Structures are given as structure tokens and as C-alpha cells.
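Listed below, chain by chain, are the residues.
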Amino acid sequence: AAVVCSELSRAVQTAEIAAGVLGLLVRVREHLQEYPAGDYLGRPYEHAFFDGMVRSWLAGDLSVGVPGGETGRQTADRVLSVLDDLADEYRGETALVVSHGGVILALWGAIAPGSAQAPASDLVLNGSSYAFERDADGWRVSGQDA
């Protein structure tokens, strides 16, 4: 029913491809972007720090975050507010949301902490898809196609 994406150009480009196939327009929404790099902005990627942080998120500890950035809880809450709006707007329909790997990992930790189905902390591949559904009982992960 809709293709929605973060305002970052790589997400917009991916959404435009999907929207073209589906015959839909792309809707760009704020608050779907990746978690901010905070104090790590411009520095080399530190696998040990980020992998540990994301493993904590996947286990359900969303209190950890990037210094000067966001915690997993802040990231998940920011994105869930948009997803709640979309679920209300497209009730009973499917909306494709193009976002980012860290966002997806924070959502897994918020919705299905400790799930054996969750992607590894470094394995949210470009083009991966994950189905998050909301009903009267709240959000759940209903599938993935990595």
C-alpha cells in the first residue's frame, strides 16, 4: 500500500527502486534514519564497541548506546513512533519501510529480545527484509528474508 523511507539518500534510492516495481510513490519520513554515530563520527569503525553494543540490544538491553548519540531504546522508540503512525494509516495493509541496519537491530531488541531468529549483530545485509507486524497485542516479528 505504501513505500516509506528515511531521508538518507541511500534509503531513498532503494525505496525508489521498490516503488517503481510496485507502481507507488515514495514517502520520505523523518525519524527512520540510522542511529547517530555520536562521538564516533568521522572515526574508524570500531567493531568491538559497535558489535558489543548491538549484541546487547539484541539481547534486550537497549540502555546501551553510542556516547554522544542514542541508546538502543531511543533509536527503537524514535522508529516505533513512525511505524505506529504507518500501522494506523495502513491498517490491514502492508507498507514497505526502507531504513537502516542499526535501526532494524534496535527494533529486534525492542520487539523480540533474545530471539534465535534475529540477525547476527553484523549481518543485516543491504536489501534484507524483515516483517514487523502490529496488532492489538503490540508489535511482533513475523518473518525475514535475508
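Here is a short report on the structure shown in this document. (Residues numbered from 1 in each chain as written. Predicted model: local features only at pLDDT ≥ 70, side-chain atom pairs only at ≥ 80, totals over all residues. Heavy atoms only, no water.)

Attention shifts here to the sheet that holds strand E1 (residues 2-5). Taking strand neighbours across the sheet as the criterion, the three strands line up as E2-E1-E3 in an open arrangement whose pairing is parallel. Edge positions in the sheet fall to strand E2 (26-28) and strand E3 (95-98), since each of these pairs with one other strand and no more. Sheet twist, expressed as the average angle between the axes of neighbouring strands with direction ignored, equals 25°. As paired elements, E1 and E3 share four bridges and run parallel to each other. Opposite valine 3, over in E3, you have leucine 96 as the bridge partner. Taken strand by strand, helix H1 (residues 9-22) contacts E1, E2 and E3, and its axis lies near 175° from that of E1. (Pairing = 2+ DSSP bridges. Helix = DSSP H or I, 4+ residues; strand = E, 2+ residues; numbered from the N terminus. Axes fitted to C-alpha atoms, helices over the stretch in contact; angles between N-to-C directions. Contact = heavy atoms within 4.5 Å.)

Another aspect to go through is the packing of aromatic side chains. As enumerated under the stated definition, the model contains eight aromatic pairs in all. Relative to tryptophan 57, the ring of tyrosine 35 has its centre 5.4 Å away and its plane inclined at 85°; by these criteria the two rings are edge-to-face. Of this pair, tyrosine 35 sits in the loop between E2 and helix H2 (47-58) while tryptophan 57 sits in helix H2, and the two are 22 residues apart along the sequence. For the pair formed by tyrosine 35 and tryptophan 57, the shared burial category is buried. On the basis of an interplanar angle of 15° and a centroid distance of 5.0 Å, the ring pair of tyrosine 45 and phenylalanine 50 is categorised as stacked. An aromatic cluster is present here, built from Tyr35, Tyr40, Tyr45, Phe49, Phe50 and Trp57 joined pairwise through their rings. Positioned above the aromatic ring of tyrosine 40 is the side chain of arginine 43, whose terminal nitrogen or guanidinium carbon lies 4.4 Å from the ring centre. (Phe/Tyr/Trp six-rings, centres within 6.5 Å; stacked < 30°, edge-to-face > 60°. Buried < 20%, exposed > 50% of the residue type's maximum accessible area, 1.4 Å probe, protein only. Lys NZ or Arg CZ within 6 Å of the ring centre and 35° of its normal.)

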